[in-house]
Every structure is written in C-alpha cells, then in structure tokens.
Amino acid sequence: MIDHDQSDFLALSAPQLEMWFAQQLEPDNPLIDNRVYVDIRGPIDQAAFNETLHRLSVETEALHLRFVDTPAGPQQYLGPPPPPSLSFIDVSMEPDPFEAARRGMFSAAGVAYDLLAGPLFSQMLFKLGDEHYIWYQRYHHSLLDGASIPILIRRAAHIYSALLHGDPVPATPFGTVHSILEGDTQYRQSPRFETDRTYWSHYVSELPRPETVAGVAADPSGDFRRASVPFPPHAAGRLQELEPRVGKWPLLLTAAVAAYLFRITDGRATVFDFPVSARPKEARLTPGMFANVVPLHLAMSGADTLETLTQQASAEIFRHLKHQQFRGKDIRQMLRGDAGPIFGPRINIIPFDDEWDFCGSPATLHSLANGLVHDFAVTLIGTPGKTGCMLHIDGNARLYDDAAVSAH
C-alpha cells in the first residue's frame, strides 16, 4: 500500500532498474549488495563514531531512498534521513575475536533485503580489543555501487577526525539524488547515447560467443566459494618494475589475468565480464548506483607476450571507457537477443587508496562480496604494495567447490 505523496515519486535510473529486477527475479537472494568491513587499528570513541555515522547518513541522500511498486512500475522517493542504526558488538573476550566478528558479519548478511521495506543498508561496529575495531557495512546495490564505499569511508574519516580534534566538519562534497537521476535521463536522451549504442552494436556483431571457465552455462548464485590472499610484495615490486616499459599496473594485471583464464580454458576464454564505474565526471564524488559491466574481447594466442597483450588490453579498455555508460543489459540483448547473465569470466581490478586515518587510528578496507557470482571471477581490490590489497578468486557454488577455487 502506497502511503506517500505520489507527487514526490521519482523514476529509477537505468542502473537502479537493473538491480530492482534482479532482486525481483530472485527475491530470496541476499547477494545483490555490497558487503565490506573496515579494519581499524587503534582506539575508537564510540560516541564520536555514532555522531559520524549520523552525519554521514544525513549527507548521503542515496541512503534516504525508499521504493514503491506502482501500476506504472517501480518508483522511489526521498524519505527522511534514516535514524542511526549502528549495532555495537563487543567480541573482545571471545577466544578468537576476529572469527567471532566474521561469524557476526556473515550471519547478518544471510537475509535478502525487502526493497519495499527500508532502510536498505546496515552497519555494525565490532570491538576486538581496546585498539582494534571492525566497522561492517552492507548496502543494497539499488542504493550504492562498490565505488561508493571508499567515498563514504573517506568522508567518515574526515568527519570523525574533525569531531575529535574539535574542528569544524568540512562541507560535504556529495551531490544529490536528483542530480544523479537528471544525469541519467539526460544521457539516455542525448546524441551520445545513440553514439554509444552504435559502438556496442558494432562491437558485439564481431564478438565470439562468451565461454565460462566451467565449460557449462552458469546461472547467478547467491552462494559462492571464495579464496583470498594478500597481494604478494614481490609481485607488487615486479609491477613497479614493468610499469614504465609496459603500462599502468591495472592494465598489466588485467592482461595477466586474461592470459591465465585463456590458458586454463585451453583458449576458449577470450571474452570477459569487465566491470566499469560508468560514473560521469560530475558524480565522481557522489555515492550512488552507477556501476556497469561490459564485454572485453582480447584476441589472444600462445605467441602473445605480457607486453603485447597489455598493449591490446589498454587500447580496448580505453575505447570502451568512452562508451561505458551504455548499460551492459542492453549490450547483452544485442549479443544474444536476451538478457543473459554474463559475457564470460569476470576480471575486476579495483584500484583505490585503501588506507584511511580515523584520528590517528589507521584503517583498511576489505571486501566480503560485491554482487552475484555467475561463473568465475578474479578480483583485486586496493593498490599493490599497500596494506589491505587483496586478491580474491570467486566461484559459483553450483559449479565449484572450495578446493577447486583455492587451487587457482
């Protein structure tokens, strides 16, 4: 039942609509969200932290959104800022405080959000010791994408540090929900949208059929197997050596992962599921849902070197980035005449500064999940050589067991 003034209703953006329908197709799937934790090594003033999160929720308009299902389709409106909902859990007396916190995080994320009931996010603060805290966050993808999380953490660190220092809190850099929606509408009505449509139509017309690592059709899974390791220091050093001659490290890693996937599939995998931020410049500091996935085709052979493959990947990616706002859902319809779930195994290199300072307490970001796992995904989060940079291998639980994922 709609109990809000319909004159306040707003259309969903194209990215939000994708997340809405994904959840409607699998209403019990809890994985259409972002789940992260921030590992804080130092003392935390709980009152100041609560005030920080209250201010952050007021500033972040995307967290105020509420959804309604109308005869005309899903709509949304801006409700009041959600009240502080931080759960504080002291696990410092547990035999293994981190394991206790990990259990708490996974237990809290086991239930899918109901899009017609808000709020669509949750946060928890675990105390592992007097100088060790974990700040857990979960956000439905209809509100925020993965690139929004570092934006929020950076802002929280600035607010918290200002409060404890007794300094004025700097003005928010965040834009508004209306600006996000207006930008989405303007894009879809612009000549650039038609240019992008033409680009992708031509691209997919020459695309080989995507293959999975498993060699069978894959359906999205709310259950996946993950193996994670810190990015090795020797590999970070090697990337630094290669960068001046070959290319920037995200491109190097994209090429290296593509070569690995090509090899383990005996040359079948040459088309990859490639996430892009799809953020216009004016929204680069605004939390919201923008993320997109496009196909990346690399015409590989056993004769390629890392240098030649990096050059090919660089050229392909830079061309794609000029057209990244055109939705992957629409590209998939061009490719197969339906909205199939994937382009191929996923390569997701997410470079960002993953270290923050909460008034002298250093903090690092760690990802627990970032959406559905269709087949197989290789994700790197952070910056090689810095604390917290992690390499994740994810496999659809219907296709891979723990041993198979760990072997990679």
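The following paragraphs examine the structure supplied in this document. (Residues numbered from 1 in each chain as written. Predicted model: local features only at pLDDT ≥ 70, side-chain atom pairs only at ≥ 80, totals over all residues. Heavy atoms only, no water.)

**Description of the overall build of the chain**
Thinking step 1. Scanning the chain from N- to C-terminus turns up eleven helices and 15 strands.
Thinking step 2. For 408 residues, the compact-globule estimate of 2.2 N^0.38 gives 22 Å, and the chain sits close to it at 21 Å.
Thinking step 3. Projecting the C-alpha coordinates of the chain onto the three principal axes gives extents of approximately 60 × 55 × 40 Å.
Thinking step 4. Counting across all 408 residues of the chain, residues that qualify as buried make up 54%.
Thinking step 5. Sequence-distant contacts in the chain: of pairs separated by 6 or more residues, those separated by 24 or more amount to 75%.
Thinking step 6. Working note: accessible area of the chain is about 18300 Å², and carbon and sulfur atoms make up 54% of it.
Thinking step 7. Within the chain, one finds 33 positive and 48 negative side-chain charges whose respective centroids are separated by 5 Å. (Helix = DSSP H or I, 4+ residues; strand = E, 2+ residues; numbered from the N terminus. Rg over C-alpha atoms; globule rule 2.2 N^0.38 Å. Buried < 20%, exposed > 50% of the residue type's maximum accessible area, 1.4 Å probe, protein only. Contact = heavy atoms within 4.5 Å. Areas by Shrake-Rupley, 256 points an atom, 1.4 Å probe, with all protein chains shown as cover. Lys, Arg positive; Asp, Glu negative; His and termini not counted. Charge placed at Lys NZ, Arg CZ, Asp CG, Glu CD.)

**What to know about the packing of aromatic side chains**
Thinking step 1. Across all of its chains, the model carries 15 aromatic pairs by this definition.
Thinking step 2. When the centroid spacing of 6.1 Å and the interplanar angle of 25° are considered together, the rings of Phe-9 and Tyr-77 count as stacked. Here the residue Phe-9 occupies a position in the segment before strand 1 (10–11), and Tyr-77 occupies one in strand 4 (residues 73–78), the gap between them amounting to 68 residues. Tyr-77 matches Phe-9 in its accessibility class, with the two residues each being buried.
Thinking step 3. Relative to Tyr-139, the ring of Phe-121 has its centre 6.0 Å away and its plane inclined at 20°; by these criteria the two rings are stacked. Note that Phe-121 is positioned in strand 6 (residues 121–129) and Tyr-139 in strand 7 (residues 132–140), a separation of 18 residues in sequence. (Phe/Tyr/Trp six-rings, centres within 6.5 Å; stacked < 30°, edge-to-face > 60°.)

**A word on the packing of helix 2 (residues 46–59) against helix 4 (residues 148–165)**
Thinking step 1. Where helix 2 contacts helix 4, the axes come no closer than 9 Å and their chain directions differ by 130°. Taken together, the axes of helix 2 and helix 4 lie oblique to each other. Once helix 2 is placed against helix 4, the crossing between them reads as right-handed. Residue-level contacts link Ala-48, Phe-49, Glu-51, Thr-52, Arg-55, Leu-56 and Glu-59 of helix 2 to Leu-152, Arg-155, Ala-156, Ile-159, Tyr-160, Leu-163 and Leu-164 of helix 4.
Thinking step 2. The class makeup of the residues in the contact of helix 2 with helix 4 is nine nonpolar, one polar and four charged. (Axes fitted to C-alpha atoms, helices over the stretch in contact; angles between N-to-C directions. Parallel < 35°, antiparallel > 145°, perpendicular 65-115°, else oblique. Left-handed = near helix turned anticlockwise from the far one by under 90°. Nonpolar A, V, L, I, M, F, W, Y, C, P; charged D, E, K, R; others polar.)

**Here we look at the sheet that holds strand 1**
Thinking step 1. A sheet is described by the order of its strands in space; here three strands give the open sequence 1-4-3, paired in antiparallel fashion. Two strands in the sheet have a free side with no partner beyond their single neighbour: strand 1 and strand 3 (65–70).
Thinking step 2. Bridge count between strand 3 and strand 4: six bridges; the pairing is antiparallel. By the bridge assignment for strand 4, Val-68 is matched with Gln-75. (Pairing = 2+ DSSP bridges.)

**Points about the sheet that holds strand 7**
Thinking step 1. Pairing is mixed across the open sheet formed by six strands, whose spatial order is 5-6-7-2-13-12. Strands with a single pairing partner mark the edges of an open sheet, and in this sheet they are strand 5 (86–90) and strand 12 (355–358). If you compare each strand with its neighbour and ignore which way they point, the axes differ by 25° on average.
Thinking step 2. Pairing analysis gives five bridges linking strand 5 to strand 6, with the strands arranged parallel. Residue Phe-88 lies in a different strand from strand 6, and its bridge partner there is Leu-125.

**Focus: helix 4**
Thinking step 1. Taking 1.5 Å as the rise per residue, helix 4 with 18 residues should run 26 Å; its terminal C-alpha atoms sit 26 Å apart, in good agreement.
Thinking step 2. Among the 18 residues of helix 4, 13 are classified as buried, and the element is accordingly described as predominantly covered.
Thinking step 3. Residue Gly-166 follows helix 4 closely and has a positive phi angle near 75°. (Expected span 1.5 Å × (residues − 1).)

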